[in-house]
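Residue-level listing of the chains:
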Amino acid sequence: MKHTISLLVENTFGAFDRVATMFSAKGFNLHSISIGETEIRDISRMTIVTSGDDQIIDQVVKQLNRLVDTIKVVDLTEHEKTERELALIAVNYQKGSLEELKNINDIFRGSVVDINNKSITLEITGPPAKINAAVNVLMPYGIKEMARSGTVAMKRGEQVKQLKKDLDPSNL
Amino acid sequence: MVNKTKLSGAEIFFECLRRENVEIIFGYPGGATLKIYEQLHDVNFLKHILARHEQGATHMAEGYAKATGKVGVVLVTSGPGATNTVTGIADAYMDSVPIVVFTGQVPTSLIGNDAFQEADIIGITRPITKHSFLVRDLAELPATIRKAFFIAFTGRPGPVVVDLPKDIIGSSCEFDYPEEINIRGYKPTYDGHKNQIKKAAKKISEAEKPLLYVGGGVIMANASNELTSLARDNNLPVAMTLQGLGAFPGTDKLSLGMLGMHGTYWANQAVNNCDVLVSLGARFDDRVTGKVATFARGAYKIHVDIDPTAIDKNVLVDLPIVGDVKQVITELTAEIPAQSQIDNWWKQIENWQQECPLHYETEDGQLRTQYVLERISDRTRGNAVIVTDVGQHQMWTAQYYKFTQPRTLLTSGGLGTMGFSVPAAIGAAFGVQDKPIISISGDGGFQMNMQELITAVANKLPIKFIIINNSFLGMVRQWQELFHAGKYSFTDLSQSNPDFVKLGEALGLPSFSTDRIDKVDTILEKAFAIQDKPVLIEFKVVKEEMVFPMVPSGGSISDIMVKRLNPKRVV
């Protein structure tokens, strides 16, 4: 089963590498990994999508916690959460298919970010399942190139309060 | 604010070591650490031991750390100096040994340029360190060194690498020492969960067939006395892992000796028949469990460990307690009301002891390792630090030497590093002066770090370097005989081994050799009488001896082999 894990890590040299190395060293699955800044300067948030049985996921979470640069690890799988992924998808078109592609783009609430005389590039954002659906629909037209950001995710609700709580020394 | 004068990077480095109470460092100078060594020339508060190879220096730091409970410190140069420490770091990681390894690095402007003697040691050691630091600003050095020692020593101990670029050490800045450090991502749990401890106490007191399964964590946590009380107050049998030997007196009737692949028959039977298994500072290593599915099947498993990742990693347990094993054992002992009657359990264990005692051939007049170890055990009565290498002699040491005190067996368990014994014994000799230090190696492993004999001679360390010479890579040969069609592929050293006595003498060690049973005691007598320098003793033993009992890798207790019927058949 797929699990989405969110972590706060020190924004230091090698923190990302430590997480990635741990996954390869332990032989855990890594479907996607994304990292970016948070509202706090020296802390980054990573979102990891992994999979495995309960024992493996338990180990993944513990091993992530064990890293010195990791401040907080939450398995979001069982939580109310917002998950988003962004995809840039370049699709081939012929004369007749351009309108169809624009319709598909509208259905997925995407935007056209580039076009030339052979292909059109769509930007589609949403939960990973929506991206997968868009990819499936676009596949028959001939996907020329695709870039996916990997999942970013957050717990729903009082995020700001939560992050402050997470960083309160008494909770660390 | 007091006016602060600027200090050089090297001055700051040593001032930080002084504040960490570092007494000794094991190292080897080189281009990237010249500034540090220039400063070291005028430093008086610590000893620097010049190893002959950086791997040796790292094992020395391990030996020192294991024998004393203090942090071992290594100082090497960049590139090859750093990469030579990798095996020692991996060894320390597997056996949770607190060491801090300072590596020189090329100047920051050259990092990534394939500069002379450049190696990405932080990248190379990432999966085998507890943590690591690349110092990129001299102002960060004091806090970094404090963190490095703190991380290495606390929680589940382990190796920490600190990479020091040459230009950073060559610069200077005001010395600002942090009185406190706070690492928000690193907070080891020391207090075990109270209710879990209560539950564990109840389970133990109600057990009909309880067993304590004790690992190296008990020794690291200095919890031997607490363990001894727990076992004796409740009449509990104690089985130990290789790293756990010495945590509980091997001479005590409650001791079942070692369990696992080459553990005693009765310890392995006990672990597979117990109804409550209490793991204390052990990690359910595959050399202990064999086939996981049948390990302690049916037992209620309690697991006390300071490292949460150790829990449910190899074997799913019923009751985990994350915490400092010393505190947990103390609370556990206080919570156990009265142990239920377990006389029947002890009778069963005694039956197993009689059914299949440790045994070796004594009738044919040939010298065997087991006999040598019994003589050493008799002579020292547990009052020595035994530093083994890896292989058959290591397992026989675990079986035949009676360890009675913690920190008296130093051995490479997790990584199984041949070449560990000689340098680790040297490190131990610098930390322990009130006990003889005895290094035991096979003829193969001895040759992996024998250059460090020079370090022992140079420092007049009274170590007894014992070589158990069977002219084979004995344990590999044993597996070849048992599982690889008897093809002794590249394990026979008889044609290529050096004359160890001549070798020892050339390096300045009084050296002895025998293949006779009746000479063992006289040679030991002579060797132990020499107190002002190291000695070398070669025991030429039977070539194709087997270590029994043996539970084959991944096997169950039902697969245990106890003797060789003929060269190709074992039951």
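Residues take numbers from 1 onward in each chain, read along the sequence in its written order. All chains are assigned letters beginning at A, and all ligands numbers beginning at 1, according to the order in which they are written. Local features in this predicted model are restricted to residues of pLDDT 70 or higher, and side-chain atom pairs are both shown and tallied only at a pLDDT of 80 or more, whereas totals for entire chains, interfaces and linings draw on every residue.

Bringing the overall build of chain A into the picture now. Helix and strand counts for chain A stand at five helices and nine strands. Seen through its principal axes, chain A has C-alpha atoms that stretch 60 × 35 × 30 Å. The burial tally for chain A puts 28% of its 172 residues in the buried class. Contacts are defined on C-beta atoms placed from the backbone: any two residues whose C-beta positions lie within 7 Å are in contact. The contacts of chain A with a sequence gap of at least 6 include a subset with a gap of at least 24, amounting to 73%. Here a strand is any run of E in DSSP of at least two residues, a helix any run of H or I of at least four, and the numbering for each starts at the N terminus. Partly exposed residues are those whose C-beta has more than 12 but fewer than 20 other C-beta atoms within 10 Å; 20 or more makes a residue buried and 12 or fewer makes it exposed, with C-beta atoms placed from the backbone.

Each helix and strand counted, chain B has 23 helices and 22 strands in total. The globule rule puts the C-alpha radius of gyration for 571 residues at 25 Å, and the 24 Å found for chain B is close to it. On the principal axes, the C-alpha backbone points of chain B span a range of 75 × 60 × 45 Å. Per-residue burial for chain B yields a buried fraction of 53% across its 571 residues. For a compact globule the rule gives 2.2 Å times the number of residues to the power 0.38, and the radius of gyration it is set against comes from C-alpha atoms.

With that settled, consider the interface of chain A and chain B. Reports often express the size of an interface as the amount of accessible area lost when the parts come together. Facing 18 residues of chain A, the contacting portion of chain B comprises 16 residues. At the level of secondary structure, the elements contributing two or more residues to the side of chain A that touches chain B comprise helix H1 (15–26), helix H2 (54–66) and strand S4 (70–75) of chain A. Top contributing element to the side of chain A that touches chain B by residue count: H2(A), with six residues.

On to the environment of A:Lys155. Within the secondary structure, A:Lys155 sits in strand S9 (residues 152–155). In this structure, the C-alpha to C-alpha distance between A:Lys155 and A:Glu80, residues 75 residues apart in sequence, is 6.0 Å.

All names here are of chain A. At least two DSSP bridges between two strands are needed for those strands to be called paired. A sheet is described by the order of its strands in space; here four strands give the open sequence S2-S3-S1-S4, paired in antiparallel fashion. This sheet does not close on itself; its edge strands, each paired only once, are strand S2 (32–37) and S4. The sheet shows a mean angle of 15 degrees between the axes of neighbouring strands, taken without regard to direction. Strand direction decides the pairing type here: strand S1 (residues 2–10) and S4, joined by five bridges, are antiparallel. Each bridged residue has a counterpart across the sheet, and for Ser6 the counterpart in S4 is Val74. As a rule, the C-alpha atoms of each element are fitted with a line to give its axis, helices using only the stretch in contact, and angles between N-to-C directions run from 0 to 180 degrees. Against the sheet, H2 engages S1, strand S3 (43–51) and S4, with an angle of about 160 degrees to S4.

What follows concerns the nonpolar core. In terms of nonpolar packing, the biggest core is built from 187 residues, with B:Val74, B:Val100, B:Val214 and B:Ala239 touching the most fellow members. By residue number, the principal contributor to this core is helix H18 (residues 421–431) of chain B, which donates seven residues. In contact with B:Val214, other than residues within four places in its own chain, are B:Leu227, B:Val238, B:Met240, B:Thr241, B:Gly244, B:Ala247, B:Phe248, B:Leu280, B:Gly281 and B:Ala282. Nonpolar cores are identified as sets of buried Ala, Val, Leu, Ile, Met, Phe, Trp, Tyr and Cys residues joined via C-beta atoms within 7 Å. Counting 13 residues, the second-largest nonpolar core is a separate cluster that includes A:Val91, A:Tyr93, A:Ile131 and A:Ala134.

With that settled, the discussion passes to the packing of helix H12 (residues 265–273) of chain B against helix H15 (residues 343–355) of chain B. Residue and element names in this part refer to chain B. Interaxial distance between H12 and H15 falls to 8 Å at its minimum, and their mutual angle equals 145 degrees. Both H12 and H15 take part in a crossing whose hand is right-handed. Listed contacts from H15 to Tyr265, Trp266, Gln269 and Ala270 of H12 are Ile349, Trp352 and Gln353. Any residue that is not Ala, Val, Leu, Ile, Met, Phe, Trp, Tyr, Cys, Pro, Asp, Glu, Lys or Arg is counted as polar, Gly included; the first ten are nonpolar and the last four charged. Classifying every residue of the contact of H12 with H15 gives five nonpolar, two polar and no charged. Crossing chirality is assigned from the near helix's rotation relative to the far helix, an anticlockwise turn below a right angle marking it left-handed and a clockwise turn marking it right-handed.

Glancing now at helix H23 (residues 520–529) of chain B. All names here are of chain B. Considered for burial, the residues of H23 that qualify are Val520, Ile523, Leu524 and Ala527. The arc that holds the buried residues of H23, viewed along the axis, is 100 degrees, so those residues lie on one side. Every exposed residue of H23 that faces more than 90 degrees away from the buried side is listed here: Asp521, Thr522, Glu525 and Ala529. Buried residues along H23 sit against helix H16 (369–380), strand S18 (464–469), strand S19 (511–514) and strand S20 (535–540). Within this analysis, the arc is defined by the directions that extend from the helix axis to the C-beta atoms.

At the junction of B:Phe548 and B:Pro549, the peptide bond is cis and its omega measures out at 0 degrees in the coordinates. If you trace the backbone, B:Pro549 turns up in the loop between S20 and strand S21 (564–566). Backbone geometry places A:Arg109, a non-glycine residue, at a positive phi of 50 degrees. Relative to the helices and strands, A:Arg109 is located in the loop between helix H3 (97–107) and strand S6 (111–115).

With that settled, the discussion passes to the pairing of S6(A). Residues and elements named next belong to chain A. Burial analysis of S6 places just zero of its five residues in the buried class, a small minority of the element. Pairing analysis gives four bridges linking S6 to strand S7 (residues 119–126), with the strands arranged antiparallel. When the sheet's bridge partners are listed, Val112 is paired in S7 with Leu122. Count of turn residues in the S6/S7 antiparallel hairpin: three residues.

Before going further, it helps to spend a moment on the sheet that holds strand S13 (residues 300–305) of chain B. To summarise the sheet geometry, strands pair through backbone hydrogen bonds and adopt either a parallel or an antiparallel arrangement. Residues and elements named next belong to chain B. One open sheet holds the six strands; their spatial order is S11-S10-S9-S12-S13-S14, and the pairing between them is parallel. Strands with a single pairing partner mark the edges of an open sheet, and in this sheet they are strand S11 (255–258) and strand S14 (319–322). Direction aside, the axes of adjacent strands within the sheet are offset by 15 degrees on average. The pairing of S13 with S14 spans four bridges and is classified as parallel.

Another point: the environment of B:Ile311. If you trace the backbone, B:Ile311 turns up in the loop between S13 and S14. C-alpha separation for the pair B:Ile311 and B:Val322, spaced eleven residues apart in sequence, amounts to 8.3 Å.

Each α-helix winds once per 3.6 residues, and so residues spaced three or four apart point in a common direction. Residue and element names in this part refer to chain B. When helix H11 (residues 224–234) is considered as a whole, its buried residues turn out to be Ser224, Glu226, Leu227, Leu230, Ala231 and Asn234. Viewed along the axis of H11, the buried residues span an arc of 165 degrees, placing them on a single side of the element. Looking at the buried positions of H11, the neighbouring elements they touch are strand S9 (210–214), helix H10 (216–220), strand S10 (238–240), strand S12 (276–280) and helix H14 (325–335). Count one or two residues on from H11 and you reach Asn235, which has phi positive near 60 degrees.

Below, the discussion takes up the confidence of the model for chain B. Fine structural detail should not be taken from predicted coordinates in areas where pLDDT scores are low. Scored between 0 and 100, pLDDT is the confidence that the predictor attaches to each residue. For chain B, the average pLDDT comes to 96, and 98% of its residues sit at 70 or higher. Predicted complex metrics record ipTM = 0.90 and pTM = 0.94.

Let's shift gears to the packing of H11(B) against H14(B). Residue and element names in this part refer to chain B. It is the contact of H11 with H14, at a shortest axis distance of 9 Å, that shows an interaxial angle of 25 degrees. By the angle between their directions, the pair H11 and H14 is classed as roughly parallel. Regarding H11 and H14, the two cross each other, and that crossing is left-handed. Within the contact between the two elements, H11 uses Glu226, Leu227, Ser229, Leu230 and Asp233 and H14 uses Lys326, Ile329, Thr330, Leu332 and Thr333. Angles are sorted into four bins: roughly parallel if under 35 degrees, roughly antiparallel if over 145, roughly perpendicular if 65 to 115, and oblique for all others.

This paragraph deals with the environment of B:Pro127. By the element assignment, B:Pro127 lies in the loop between helix H6 (121–125) and strand S6 (131–134). The sequence separation of B:Pro127 and B:Ala90 amounts to 37 residues, and the corresponding C-alpha distance is 8.6 Å. If we ignore the near neighbours within four places in the chain, the residues touching B:Pro127 are A:Thr21 and A:Ala25.

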